[in-house]
Amino acid sequence: MSPQTVDLDLAALTPDQQVARLKEQYVALRGKGATVRARVDALPVRQYISMLERGYRVVLERGDGASYLVLHPDGSTPRVGMRGAHSVVSHHDGRVYSNTTENRVAVIDGSTRRVIKHIPAGDDPSHLELSHDGRRLYVANTGSNNVTVIDTTTDTVIAMASTGRRPLLPCVAPNGTSVYLPSGPDKSVTVHGADGELRKTVPVGLAPHDIAVSPDGRWAYQPNSASHTVTVIDCRDYSVAGEVKVGLGPGHIAFDPESRFAYVANTVSDDVTVVTTRDHGSVATIPAGQGAHLPTISPDGCYGYVANFVSDDLTVWDCRNHRVVATIAVGIYPHFFAISPDGKWVVVSNTGESSICLIDANAHEPRSRLAVGGAPAHVTFSPDGEWAFVGCESSDEVAVIDLRRGVVVELIEAGGAIALQ
């Protein structure tokens, strides 16, 4: 018997209703080898990116004057249910921080690999960011619309500062004086001081996602997924300096180490726009795989990478000429990846199959695929670069990988008991 294809016409529904119907089909058809092809008419940028972000195997197709979302219920394991360890950051003294259940942040001793403390946060803490000097930790709370500011010298909360609705990934300026948090529903970015004091609320485009500040601290670039632009913010006074047209569905940005170029991953048009910071103009477009989402530049600035959600691979380009030099196959739904501090390894989280890939960054070739906890996401490294820590959201664990031996040495329960001192 050939696999079943379910055709739906969802064009008359709102975007939220369309996503809800597709999720219902996922539950109903899981394990049956079926495909759902849903007509949605207008280009469904928010619906497509929203489902990709949660790990559903969905493909965007266009034709006959309409757009279609094609869902494969058996193609991936989405991130649903418990919001466990997702975002992880590493302090220069070896501590590792992770969000965890019950609205807390776990503090892990990286050397003993034991949880030493839980710090209360706001409702539904999602993403963490350390200041560059390591003195402050910022936690975006999507449920309570605020940011928790933690003093890392004592691991205590010193402020709960209001943001826009459903704040996304915090971004700290290199000098540590400003913290930027985008709000999708409010189409804005709130700018806070180091201790949470509100500096300014900046209007941006539709569906802003992951803001980035240039290494020289001069510019903040805010990608707007639904208006297909990047808002340029002058970091001196937080004024809007311009709007750059890029590809379709921009979500994440990476700057080169010298702050000359910004690389914008466009999830819907499957490419990367190269923007020069000299005049904020587009100078090149790099073709990528399906669902191009997260870009990263190597520490030496020689190579750029982008993770492609739908085609399950990484595209690699030469930053000297912006030409693609490799495509590296990885696992299902590479949600996040990071390059080790010494530049030797690329660690890729395959969220759709609960594994990570270790890639030789010099040869641009995969070396191993390791099973970890459920829905692996963000990656961080020990100060000496010998260990990688991966937040595993569905199982609320932090996986510890020995990069020299290429093995998983432990799965730490982020929400588990506190180790005795």
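Residues numbered from 1 in each chain as written. Predicted model: local features only at pLDDT ≥ 70, side-chain atom pairs only at ≥ 80, totals over all residues. Heavy atoms only, no water.

Moving on: the environment of glutamate 102. Relative to the helices and strands, glutamate 102 is located in the loop between β6 (95-100) and β7 (104-109). With 313 residues separating them in the primary sequence, glutamate 102 and glycine 415 have C-alpha atoms 8.2 Å apart. (Helix = DSSP H or I, 4+ residues; strand = E, 2+ residues; numbered from the N terminus.)

This next bit is on the sheet that holds strand β15 (residues 188-192). Sheet architecture is open: 4 strands sit in the order β13-β14-β15-β16, paired in antiparallel fashion. One side of each edge strand has no neighbouring strand; the edge strands of this open sheet are β13 (171-172) and β16 (198-203). Here β13 pairs with strand β14 (residues 179-183) via 2 bridges, running antiparallel. Bridge assignment links valine 172 to a residue of β14, and that residue is valine 179. (Pairing = 2+ DSSP bridges.)

Moving on, we come to the packing of aromatic side chains. Overall, the coordinates contain 6 aromatic pairs when judged by the stated rule. Over the face of the ring belonging to tryptophan 387 we find arginine 113, whose NZ or CZ atom lies 5.3 Å from the ring centre. The aromatic ring of tryptophan 219 is capped on one face by arginine 218, whose charged end is 4.0 Å from the ring centroid. (Phe/Tyr/Trp six-rings, centres within 6.5 Å; stacked < 30°, edge-to-face > 60°. Lys NZ or Arg CZ within 6 Å of the ring centre and 35° of its normal.)

The next thing to look at is the sheet that holds strand β3 (residues 58-63). Here 4 strands make up an open sheet; going across it, the order is β1-β2-β4-β3 and the pairing mixed. One side of each edge strand has no neighbouring strand; the edge strands of this open sheet are β1 (5-9) and β3. Strand after strand, the sheet turns through a mean of 20° between neighbouring axes, direction not considered. Pairing of β1 with strand β2 (residues 35-39), which is carried by 5 bridges, proceeds in the parallel orientation. Its bridge partner being in β2, valine 6 is matched across the sheet by valine 36. Sheet strands touched by helix α2 (residues 45-53): β3 and β4 (66-71). Its angle to β3, the strand with the most contacts, is close to 160°. (Axes fitted to C-alpha atoms, helices over the stretch in contact; angles between N-to-C directions. Contact = heavy atoms within 4.5 Å.)

Turning to the pattern of salt bridges, a few remarks are in order. Summed over the entire model, instances satisfying the criterion amount to 25 salt bridges. Between arginine 95 and aspartate 155 there is a salt bridge, with its nearest N and O atoms 3.0 Å apart. With arginine 95 in strand β6 and aspartate 155 in the loop between β11 (146-151) and β12 (156-162), the pair connects residues that are 60 residues apart, well separated along the chain. The shortest N-O distance in the salt bridge between arginine 165 and aspartate 186 comes to 2.6 Å. Taken together, the residues span a long stretch of sequence, with arginine 165 in the loop between β12 and β13 and aspartate 186 in the loop between β14 and β15 at a distance of 21 residues. Residue arginine 165 is classed as partly exposed on the basis of its relative accessible area of 44%. You can call aspartate 186 partly exposed: its relative accessible area is 31%. A cluster of three or more residues bridged by salt bridges with shared partners is formed by Arg54, Arg79, Arg83, Asp124 and Glu393. (Salt bridge = Lys/Arg side-chain N within 4 Å of Asp/Glu carboxyl O. Buried < 20%, exposed > 50% of the residue type's maximum accessible area, 1.4 Å probe, protein only.)

Right, let's talk about the pairing of strand β28 (residues 323-329) for a bit. A regular strand places its side chains on the two faces of the sheet in alternate fashion. Judged from the 6 bridges that link them, strand β27 (residues 313-318) and β28 form a sheet pairing that is antiparallel. The partner of threonine 315 across the bridge, within β28, is threonine 327. The hairpin turn running from β27 into β28, its antiparallel successor, is 4 residues long, and histidine 322 in that turn takes a positive phi close to 60°.

The next thing to look at is helix α1 (residues 15-29). Each α-helix turn comprises 3.6 residues. Residues three or four places apart therefore point the same way. Taking 1.5 Å of rise per residue, the 15 residues of α1 would be expected to cover 21 Å, and the 21 Å separating its terminal C-alpha atoms lies within 8% of that figure. For α1, the complete set of buried residues consists of Gln18, Val19, Leu22, Gln25, Tyr26 and Leu29. Summarising the axial view, the buried residues of α1 lie within an arc of 120°, below the 170-degree limit, and thus occupy one face. More than 90 degrees from the buried face of α1, the exposed residues found are Asp16 and Val27. Of the surrounding secondary structure, the elements contacted by the buried residues of α1 are β1, β2, α2 and β4. The first or second residue beyond α1 is glycine 31, which carries a positive phi of 85°. (Expected span 1.5 Å × (residues − 1). Arc of directions from axis to C-beta.)

What follows concerns the pairing of strand β22 (residues 261-266). Most of β22 sits inside the fold, with 6 of its 6 residues counted as buried. Of the two faces of β22, the one carrying Phe261, Tyr263 and Ala265 and the one carrying Ala262, Val264 and Asn266 are both buried. Bridge analysis of strand β21 (residues 250-255) against β22 gives 5 bridges, and the strand direction is antiparallel. Along β22, the bridge assignment pairs proline 250 with asparagine 266. Two successive antiparallel strands, β21 and β22, enclose a turn made up of 5 residues, where serine 259 displays a positive phi of approximately 65°.

Right, let's talk about the environment of glutamate 129 for a bit. On the secondary structure map, glutamate 129 appears in strand β9 (residues 125-130). Of the residues examined, glutamate 129 reaches a relative accessible area of 23% and is grouped as partly exposed. Along the primary structure glutamate 129 and valine 139 are separated by 10 residues, whereas in three dimensions their C-alpha atoms are 6.7 Å apart. Discounting chain neighbours no more than four positions away, the residues touching glutamate 129 are Val89, Arg136, Leu137, Tyr138, Pro170, Cys171 and Val172.

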